[in-house]
Number of protein chains: 2
Amino acid sequence: MQERNTLQKRIVHEALIEMACHPTADDVVVKVQSKYPSISRATVYRILNKLADSGEALRIRINNGADHFDHMTFPHYHVHCNNCGRVADVKMPVESLVDLLKDTSGYKIFGYSLQFDGMCPECVKVEEERGA
Amino acid sequence: MQERNTLQKRIVHEALIEMACHPTADDVVVKVQSKYPSISRATVYRILNKLADSGEALRIRINNGADHFDHMTFPHYHVHCNNCGRVADVKMPVESLVDLLKDTSGYKIFGYSLQFDGMCPECVKVEEERGA
DNA sequence: TCTGTTATTGATAATAAATCCTAATAAGGA
DNA sequence: TCCTTATTAGGATTTATTATCAATAACAGA
């Protein structure tokens, strides 16, 4: 038996899809508890992590604050307002990244951070040796 | 009197420059305390934050762990190894981002996150009104 | 050089976010 | 239905970081 389809998983995933904004885990807890008061905070965190790991959701890390989550529909980027803390989608083609300062979306852009996730050559090697 | 040039600031900044890796705040605390045992953890955090705010250092947020810091020399990106947790520089031109999967650097790239920091139109407006 | 102001520090308490722990629960195969 | 075990609830705990505040020390001016 691999993975179980629980009420909690369905409700959390559904809540994330419904929330068009970019909620923090805690936002999701509040939302979900309005429908299902007995759900545990740890459960919501666990399910959100699983969704993020499987690629069904995106985790957005913000300086000086909690992680935000985003139901993945299409590849896109995010702007974080340093003032109010809100996170919004950016529908900007990657190619124009270099023209950041000319952005006319109404956002004042101070900077950006790009981070790759993967596995370094050393770890790839170890993994391969273990597999072989 | 604006900003004071203290021994602590000099030592922390110097340590960050010396550390070619991408240390966490705690790594820097350990390093700095080897030279200057009485320095406080809070002081190191405070100074690192100031460096990051002023653009002299870069804060790199990693899933599931402490922030890493990087002495800024030139614009570049980072790879985080999901396996060992190490962070390394990526000297990849932005233009080739779309060709991620063809990357031949030896890293297995699973994904990336790009995040802008700035101020949203609503906040820009409020700021302007307050200033005027 | 001495002195006063105040930015900064050290030490520790406090906070925030997320995870761990474990008994209880319930999904779903037989 | 029963059994196995993945999953949950709920609180305790951990980890990273910040707040607090008295003590210290930069540095401008006398």
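Residues numbered from 1 in each chain as written. Chains lettered and ligands numbered in written order. Predicted model: local features only at pLDDT ≥ 70, side-chain atom pairs only at ≥ 80, totals over all residues. Heavy atoms only, no water.

### Description of helix H1 (residues 7-18) of chain B
Residue and element names in this part refer to chain B.
And then number 1: The end-to-end C-alpha distance of H1, which contains twelve residues, comes to 16 Å, matching closely the 16 Å that a straight helix rising 1.5 Å per residue would cover.
And then number 2: All of the buried residues along H1 are Ile11, Val12, His13, Ala15 and Leu16.
And then number 3: Its buried side turned inward, H1 meets helix H2 (25-35), helix H3 (41-54), strand S1 (57-60) and strand S2 (68-71). (Helix = DSSP H or I, 4+ residues; strand = E, 2+ residues; numbered from the N terminus. Expected span 1.5 Å × (residues − 1). Buried < 20%, exposed > 50% of the residue type's maximum accessible area, 1.4 Å probe, protein only. Contact = heavy atoms within 4.5 Å.)

### Side note on the domain arrangement of chain A
By a widely used convention, the size of an interface equals the accessible area lost when the partners come together.
Residues and elements named next belong to chain A.
And then number 1: In terms of domain boundaries, chain A breaks down into domain 1 (2-69) and domain 2 (74-130).
And then number 2: Both sides of the domain 1 and domain 2 interface together cover about 470 Å² of buried area, and 72% of this is carbon and sulfur.
And then number 3: Three residues, His22, Ile60 and Ile62, lead the burial of domain 1 against domain 2; their summed loss comes to 72% of the area buried on that side.
And then number 4: There are zero residue pairs in polar contact (both at pLDDT 80 or more) connecting domain 1 and domain 2. (Domains from an automatic or database assignment. Buried area = accessible area lost by both parts, 1.4 Å probe. Polar contact = N/O pair within 3.5 Å; in protein donor to acceptor, adjacent residues only side chain to side chain.)

### With respect to the protein's contact with DNA strand C
And then number 1: Around DNA strand C there are 24 residues in total, and Asn5 of chain A together with Thr6, Gln8, Lys9 and Thr43 of chain B lie nearest to it.
And then number 2: For DNA strand C, the fraction of protein-proximal atoms (within 4 Å) that sit in sugar or phosphate groups is 65%.
And then number 3: Here a phosphate oxygen of DNA strand C sits 3.0 Å away from a polar atom, N or O, in the side chain of Tyr45 of chain A.
And then number 4: Residue assignment for the surface near DNA strand C shows that the elements contributing at least two residues are helix H3 (41-54) of chain A together with H1 and H3 of chain B.
And then number 5: Residues of the surface near DNA strand C, tallied by class, amount to eight nonpolar, nine polar and seven charged. (Near = heavy atom within 4 Å. Nonpolar A, V, L, I, M, F, W, Y, C, P; charged D, E, K, R; others polar.)

### Thoughts on the confidence of the model for chain A
Residues and elements named next belong to chain A.
And then number 1: Per-residue pLDDT for chain A has a mean of 78; in total, 69% of the residues score no lower than 70.
And then number 2: Across chain A, the element-wise mean pLDDT spans from 67 in strand S5 (residues 108-119) up to 96 in helix H1 (residues 7-18).
And then number 3: For residues 100-104, every residue scores under 50 in pLDDT, and the model assigns this stretch seven contacts once sequence neighbours within four places are set aside. (pLDDT = per-residue confidence, 0-100.)

### Quick word on the side chain of Thr24 of chain B
And then number 1: By secondary structure assignment, the location of Thr24 of chain B is in the loop between H1 and H2.
And then number 2: Setting aside residues up to four positions removed in sequence, Thr24 of chain B forms contacts with Ala66, Asp67, His68 and Phe69 of chain B.

### Thoughts on the packing of H1 of chain A against helix H2 (residues 25-35) of chain A
All names here are of chain A.
And then number 1: Contact pair H1 / H2: the axes reach a minimum separation of 10 Å and the direction vectors enclose 115°. For the pair H1 and H2, the sense of crossing is right-handed. Between H1 and H2, the contacting residues are Ile11, Val12, Glu14, Ala15, Leu16 and Glu18 on the first element and Val28, Lys31, Val32 and Lys35 on the second.
And then number 2: Taken together, the residues of the contact of H1 with H2 sort by class into six nonpolar, no polar and four charged. (Axes fitted to C-alpha atoms, helices over the stretch in contact; angles between N-to-C directions. Left-handed = near helix turned anticlockwise from the far one by under 90°.)

### Re H3 of chain B
An α-helical turn contains 3.6 residues, so a residue and the one three or four places further along point in the same direction.
Residues and elements named next belong to chain B.
And then number 1: Taking 1.5 Å per residue, 14 residues should reach 20 Å; H3 reaches 20 Å between its end C-alpha atoms and fits that length.
And then number 2: On its buried side, H3 packs onto H1, H2, S1 and S2.
And then number 3: Just beyond H3, the residue with positive phi is Gly55, at close to 90°.

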